[in-house]
Structures are given as C-alpha cells and as structure tokens.
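Residue-level structure breakdown
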Amino acid sequence: MASPRSSGQPGPPPPPPPSPSPARLLLLLLLPLLLPLAPGAWGWARGAPRPPPSSPPLSIMGLMPLTKEVAKGSIGRGVLPAVELAIEQIRNESLLRPYFLDLRLYDTECDNAKGLKAFYDAIKYGPNHLMVFGGVCPSVTSIIAESLQGWNLVQLSFAATTPVLADKKKYPYFFRTVPSDNAVNPAILKLLKHYHWRRVGTLTQDVQRFSEVRNDLTGVLYGEDIEISDTESFSNDPCTSVKKLKGNDVRIILGQFDQNMAAKVFCCAYEENMFGSKYQWIIPGWYEPSWWEQVRTKANSSRCLRKNLLAAMEGYIGVDFEPLSSKQIKTISGKTPQQYEREYNSKRSGVGPSKFHGYAYDGIWVIAKTLQRTMETLHASSRHQRIQDFNYTDHTLGRIILSAMNETNFFGVTGQVVFRNGERMGTIKFTQFQDSREVKVGEYNAVADTLEIINDTIRFQGSEPPKDKTIILEQLRKISLPLYSILSALTILGMIMASAFLFFNIKNRNQKLIKMSSPYMNNLIILGGMLSYASIFLFGLDGSFVSEKTFETLCTVRTWILTVGYTTAFGAMFAKTWRVHAIFKNVKMKKKIIKDQKLLVIVGGMLLIDLCILICWQAVDPLRRTVERYSMEPDPAGRDISIRPLLEHCENTHMTIWLGIVYAYKGLLMLFGCFLAWETRNVSIPALNDSKYIGMSVYNVGIMCIIGAAVSFLTRDQPNVQFCIVALVIIFCSTITLCLVFVPKLITLRTNPDAATQNKRLQITRNQKKEDSKTSTSVTSVNQASTSRLEGLQSENHRLRMKITELDKDLEEVTMQLQDTPEKTTYIKQNHYQELNDILNLGNFTESTDGGKAILKNHLDQNPQLQWSTTEPSRTCKDPIEDINSPEHIQRRLSLQLPILHHAYLPSIGGVDASCVSPCVSPTASPRHRHVPPSFRVMVSGL
C-alpha cells in the first residue's frame, strides 16, 4: 500500500475511510493532535523552514519511487535534496506570499497498482492538491497522466522521458521539465547536417520506448533531404541486423537500444569490421558511467574480448539531455548552475546523485511561477476567487493553471525552461567515446535551434569525418597516353615503311623481277597494310580524347577500315597463293594462264562480300557506344572512396550474331588460305618467285589473327592491355607481311637484277640432272612427296618415249627417201604430212610444261646462226624464186628443223639433255632409239 512520505521517511498509513460511528467522530476530533506525531503525513520537505501557522499551504502532490527495493527508487531519493533547496529558496524569497508551498510525497514504487492507489488515496484523504509533481516510471506516469483531466490537475514530471507522453490528445494536462527521448532527434538532425551526412541507417531494439524514438526520427528526417537507407530491428541477437546494415553500405548508424544490448551490438560490429574511420555510430547517451564494464560479461566475452569491444566502441557519439547548463549565467534563483551544483552536492550528504536533480530543481520553480501567475490572474479577475478554494471539480481554475504552465519561460539550472505543447525545449549534449572515456564534444540548444561543437574535442579516426556512404568515383578506364604515343610512333614507322615499299614497287614495276611477282597485287597488299595501320590510331581514341558522339562514329569507321584493310591485304595474298596452287596442282599438265586481272576479280569479290556484310550491319543494327560498369575497387591513394571503373565499348543489340558472321566468313577464308599456303610451301616458280613468302605471310596473318582475337576478347576489361595486343598484332602482321614480300625483291634488285631469273633457270637445269630420268616433271622437286602422282607421270613418260622412238624411225625413213628419190616429194607431202604434224603437235604438247618454251627459246637465242651453219653454200645462194616445195628445200627444212625440235623437246619429257651437242639417248630408250642412223647424227651434230 502506497504511503505518504516526507523527505523519504516512512510514515503511518492513511486514516481509514470515514464512518458515521462514534469512533469516526472521535478520530476527527483527535486528528489535528496526531499530525505532529506523524511527520510524513502530508508534510513539507525536509530541511525547509516551517511556515508561520497563519500561512495557508498550497499543496502539491509528489509521486515518485522512494523505496530502496526498486531500482529507480534511487532517482526519487537523489532528487530530494534538490527539491528541498528549491522549496527553501522559494520560501525565502516569499514568492507565493501569503502562501507557502507544501509538497507531499507519495511512494509509487514503480508499480502500476501501487502508484494508482497512492494517487487516489492522496485525492481522497489528502488536501486539495493544486498540481501533481513527479512521475518517473513510464507505465505508472502514463496511467495517472491519462486521468488528470478528469481531476483538473496539471502534472509536471522531471524524469519521465518516454515519447508516449508527448501525445497531447491523450495527455493534455501533462508537462515535463526533462526533454523527452524524442527531443534528441532534432539535435541528431542538426548534427547530420553539420557533417553533411545525407544517408543513414537505423538499428532499433524491439522495445516500445526505442521504437517510438525511431518512428519520430523518421518523421524528423523526412523532407530534410536525408535518406534512411535501411531500418533494422532486433530482439536479442543484433548480429544479423548489423550484417544487413553493412550489406546496404550504411556508414552512419543511428542506434536505439539499452546498454545491455549496446555491448552485443558493438561486438557484432567488431566481427563485421563496422568500426574505424569509415563508420560512425550515434547511440543514446544516458547509459550509466562505465556501462561497458558492467555489461561486458553479458555479451559473450568468449567471442568478444574487452579490447575488441573497446576498439569497436571507439569514436561513438552519445546523445542525451544536458543535466546542468554549462553557461555561467545566474538562474531564476540568483545562482549559477555551478553554484547550485555545489550546494546540491553538499546537501545530499551520502545520498547517491541523480542525473535528474537539476530538472527537479527547475520543476519546483516552474510550479511556483505557475501558481504565482495563477494568483495574479485570479486577483485581476472580477470573481475574487482565491487559489486555496481550488477543488477537483473547478474546471475554470484548472484551465487557468494549465494556461499559466504553458507561459513558463525562465532560465534555470538546466537552461532555458520553455514548453512547447507540454514538451521541454531543453539542451541536448553530445559526448564521444575517446580512449575508454566519454568526452563532451558539443551541445544543441532546442530553443534557439543551434548546434555548438566544442573546438578540438571531437575526434574522428580518419583524417576527416566518415562519409555517409561509400563514395563511388566513376572513373573511365582510358588508354594510357604514353602507350598510345609509343604505339602510334610504331604505326607511323610502319606506314612510312609501307610507303617506301609502294614507291619501290611502282618505280620498278617494269623490272622483270617485280613484273614477275604481280606488282598490282603487291600494291593491294601494301594498301591493305596501310589501312590496317591506320585503324590503330582509331582504336586508341576513347572517351578521354573524343566526345561520346565522336566515339560512336569511330566505332563504325574503325570497323570498316580494319575489315577492308584486312580483306585487301589478305585477299591479295590469298589470290597469289591460289594461283600458285592452281598451276602447281594441274594434274593434266595442260597449259594454264592465270592473269592478274583474274586475281583482282577475286579480291574484288571478297571486298564486295565485306561491303555487303558491313552495310547490312550498319543499316539493321548499327554500333553504339555502351558503358560497362565494373565492381568497385579501393582507392589506390587510400582515401575513403571506392573506384567504379567504367569502360566504353562499341556494341549493338545482336553483337554476337554479327561477329559470328564476320568471324565465320574470315575464318573460312583463313583456313582455306592456310591450306593453300601449306600445299605450296615448297613451290619455287620463276614466274611467281615470291610464292614461298606469300605462304609465310598467310601463316603469319592467320595465326596472329586467331591469337589476337582470343587474347583481345579475354582482356576486354583492360583497355590498355587490349589496345596494346590489338595494335601489336596489326603492326606485326602488316610489317612481317610487307617485309616478306618486298625485302627479298629489294635485296635482289640491288645486288643482281638478272640473278633471279638466271638462278631459277639454272636451278631447274640442275634439278633435271639430279633427278632420275623417270621423274615426271622439271617444275619442282616437290612431286617426290606424292608417290601415286609420280608413278602416273612415270607411266606417261614411258609412253611418250615409245612414241618418240616410233617417230624417230619414221623420220629416218623419210630422210633416206628424200636423199634417194627427189621425185617422191609429192609422196612425202601427202603421206608424211600427218606424221610431221604429229611431231609438231608433240612439240606443242611439251610446251605445256613450264620450262619447255623457255628452254627452246633460250636454245635458239643462244645459237641464232646454228640453223644455217650446216647448209651448203650452193644451196643458200639458190634463186629465191625456186620452187619452195622442191626436194632440196624439203630436205633442207627437215634436216634443220626436225633435229632442233627433237633436241629441244626431248629434255622436257625426260629424253635428251638440253646440254648435249648430239642426241642423248636415255638408258630406258628402245634399241632403235639408241642406234640413230649416221645421216641423222650428222645433221644433229651439225647443229
């Protein structure tokens, strides 16, 4: 049962309810005599001077926990010295003359039932209380405050900070001198703005008190351009919520939890590395001194050591109301806050201090000033009502007291005392945990809405305040200027070299050496190489050099230039290699002439296909500039920022399809070109004297393009590496190709312009001598690699030799007949004309070999007079009008032409060696071929 107390001392229980019995009448008569014996019954505060008997009291109901059995009882006991000081000073100043302030204390024991009973007992058995002073425990205070309007009583609390009581619709008669828990939210807003923190997260314990503060904070921050990026709550284990805050990149954490949970929160923060220079924790500042030492054991010390907890706590900012003003200004009592504090400490004499004592002190002054204004209002009215005439049904006087309370405005020991909708506009202090202790670093004045940060007191673990989020600096990955300069210089050197080769090729285009290697095709190779070189300049231009629109245009231009350049150079090499392969692989040994015009048509066809693909690509799905964003990277300079690399690409909607078409087309050509290069790797033909180098170039281009494309795709996120690889592949392919094609010509032309053709002719002759007579061709030694082809050619060779033997027999018979009977001219003309044609046709057939005509031509050129050296003088001086079909003329022509044909064409088919001065008989020839008649020997040797 709640009992009235004075100065915290227990008193007797209240008198029993009135009864009409004689005992009741006796008790009423003895009650005035019993009051001095019961000092706790509705008495004045301890230490206050007793008022004169003629001074009527103004009773105030004091409701607070006082017993030692309740944890918050220390609050009530701690504020009593401050209350006694205030009452004493008010009486000394005669502020309420002719009345005196009479505070009657009732112990609520922080229990709803006991507190409510104490309130009703005070109303029923006590005097008419003008006001209610107190209210510590939120639950008890809220129950009583809700019923105050029915009793016309105004309550003033000095310790109830719960935000629930801020609801003026529910608690219209409730006031408090202590700021509520919600009062810290405007201060937090001011602090956030001061350090330009625009993005925060909240971590709240699932308790109504903290949830109310969090909800109010959300409303305060709403519309202030401050984003609450994440809101987390927990009941027992905060680690999951802390981890989510980190995952959402929350740097500024606004916490609402008690000191027991605070230790767990900071242990989780240590495990998640959410402390240090990148994070700032803002939590309640009303925890007990050295709270971490008291609750550390409850935070599972096995996984959270003391040093870990202190490391995570370092730098947190606590927000709480200021117990006493720090200003050196005299208060309403005439004393400064510092003077009052010294008096309070001397008066409490062993009683533990309470952080609410300044608010209790100012609360008594608020009540005194309110009653004073009420008396002035009553005195000024025409009703002539006295304040002591108040009763619980007097609504008029109750509203007068309520209005006077709202007009309170004075400077007390806790700062300026002003109410706004019943809420105290007080001072909020900021403390920071530094080196295992809390240090005051600033304060917020709610009346003036100003924030004052004490100079050089607040310390951040970094060189600057933490950022409210990971500052993402989008950085374009660009090509290094030195790298671009170096590769551009190499490209320029390559283009100069290509220009020199072009000048050389055009200047010497009529030279036999250059003419034999298709100078027009060589010009195309140079042109393709120069276009490929030019594409390097375009590949190196990115967003750091050109605008976005220009870059998008470059996407198309460089694709066209590189594609056309590649096709031009490689197409020319492919065409020349194809010509070598076509001539070399002519199985039927028929004469085949492939002119440069046909090769140009092939290159033009390739370019036409390229243009069709590129035009369709550009028309249907053109290349666009796209920006790829990569994952964040730490700042190399160590700043509290993250780098998000950006990379420009040239892409379109169906990039894979278009690249697949281009790669498939180029890949097939490349494979076919490599096949031709492999097939003709050992070919050495005088008329196409650079086929071997062309094949090497095809290999070079094919392999390097495959390697370059693969590596370029793998390094697409590294522009410097990608550009370097692409540029080097282009430079290497173009340079090696041009050098292989033109350097040998340049060297040969400078040393011996005629050596090429001569050396080739001598090489053919030597190869013919070294090969077995059964070898099928004098073109090249590569035929030895194909056994089946060799056997076929040997069989054909044997057949032709048999034919020659038969023709030799016929030729011998014709010669003998011509020598014996001139009259047989008509017979020769008629019967042997077909045989002569056969001989001439045999010569035409052998002309299809690559060396036949050349050998015959060389033979005739070297011996221009040989044809006529064996003719008799008498015959050369005959009359020119003589019949051309005479036997003498026929004999002369046959004696000269047939041996020449026989001597010249037999080597081309494996017969007589061109170096023999007389018909050389093959070992495999027939016996008739070996024994040439004497007359034939004479004619041949005469040559």
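Residues numbered from 1 in each chain as written. Predicted model: local features only at pLDDT ≥ 70, side-chain atom pairs only at ≥ 80, totals over all residues. Heavy atoms only, no water.

For the chain, an unreviewed UniProt entry supplies the name Gamma-aminobutyric acid type B receptor subunit 2 and the organism Heterocephalus glaber. As its UniProt record puts it under Subcellular location (unreviewed entry), the chain is described as follows: "Postsynaptic cell membrane". Per its UniProt entry, the chain bears the Sequence similarities (unreviewed entry) comment "Belongs to the G-protein coupled receptor 3 family. GABA-B receptor subfamily." (UniProt positions renumbered as here; feature names shortened; annotations may be inferred.)

**Describing the pairing of strand β15 (residues 427-434)**
Judged by how many residues are buried, β15 sits mostly within the fold: eight of eight residues are covered. Sheet analysis places strand β11 (residues 317-321) next to β15, joined by five bridges and oriented antiparallel. Along β15, the bridge assignment pairs G318 with T431. As paired strands, β15 and strand β16 (residues 437-445) are joined by eight bridges and run antiparallel to one another. Paired with F430 across the bridge in β16 is G442. Counting the residues in the hairpin turn of β15 and β16 gives two residues, including D435, whose phi is positive at 55 degrees. (Buried < 20%, exposed > 50% of the residue type's maximum accessible area, 1.4 Å probe, protein only. Helix = DSSP H or I, 4+ residues; strand = E, 2+ residues; numbered from the N terminus. Pairing = 2+ DSSP bridges.)

**Overview of the sheet that holds strand β10 (residues 280-284)**
Spatially, the eight strands line up as an open sheet ordered β8-β7-β9-β10-β11-β15-β16-β17, and their pairing is mixed. The strands lining the two open edges of the sheet, one partner per strand, are β8 (227-234) and β17 (450-453). Going across the sheet, the axis of each strand differs from the next one's by a mean of 25 degrees, ignoring polarity. Here three bridges tie strand β9 (residues 252-256) to β10, and the two strands are oriented parallel to one another. What sits directly across from I252, in β10, is Q280. In the packing of helix α7 (residues 208-221) onto the sheet, contacts are made with β7 (199-205), β8 and β9, and the angle to β7 comes to roughly 165 degrees. Its contacts with the sheet place helix α9 (residues 259-271) against β7, β8 and β10, and it is angled at close to 170 degrees to β10. (Axes fitted to C-alpha atoms, helices over the stretch in contact; angles between N-to-C directions. Contact = heavy atoms within 4.5 Å.)

**As for the UniProt feature "transmembrane region" (unreviewed entry) in the chain**
When the UniProt feature table is mapped onto this chain numbering, "transmembrane region" (unreviewed entry) sits at residues 481-504, 524-545, 557-578, 599-620, 655-678, 698-714 and 720-743. Between the C-alpha atoms that bound residues 655-678 there is a distance of 33 Å. The span itself is 100% helix and 0% strand. Between the C-alpha atoms that bound residues 698-714 the distance is 24 Å, and the span itself is 100% helix and 0% strand.

**Quick look at the packing of aromatic side chains**
Inspection of the entire model under this criterion finds 30 aromatic pairs. Ring centres of Y316 and F433 lie 5.3 Å apart, and the angle between their planes is 10 degrees; on these two criteria the pair is classed as stacked. On the criterion of sequence distance, the pair formed by Y316 in the loop between α11 (306-313) and β11 and F433 in strand β15 is long-range, its members being 117 residues apart. Overall, the relative accessible area of 2% leaves Y316 in the buried class. Aromatic side chains F574 and F672 sit 5.6 Å apart centroid to centroid with 55 degrees between the ring planes, which places their arrangement in the tilted category. In this pair, F574 is assigned in helix α18 (residues 548-584) and F672 in helix α20 (residues 655-679), connecting sequence segments 98 residues apart. A residue is classified by how much of its surface remains accessible, and F672, at 38% relative accessible area, is partly exposed. (Phe/Tyr/Trp six-rings, centres within 6.5 Å; stacked < 30°, edge-to-face > 60°.)

**Remarks on a nonpolar patch on the surface**
Side chains of I486, L490, I492, L493, I496 and L728 sit close together on the surface and give an oily, nonpolar patch of about 550 Å² of accessible area. When residues in the nonpolar patch are grouped by element, the largest group, five residues, is from helix α15 (residues 481-507). Looking at the secondary structure, you find I486 in helix α15. (Patch = residues over 30% accessible without salt bridge, like charges linked within 9 Å, V, L, I, M, F, W, Y side chains within 5 Å. Areas by Shrake-Rupley, 256 points an atom, 1.4 Å probe, with all protein chains shown as cover. Salt bridge = Lys/Arg side-chain N within 4 Å of Asp/Glu carboxyl O.)

**Quick notes on the environment of I492**
Mapping I492 onto the fold places it in helix α15. Among the residues examined, I492 registers a relative accessible area of 43% and is labelled partly exposed. Distance from I492 to Y533, taken between C-alpha atoms, is 8.0 Å for residues 41 residues apart in sequence.

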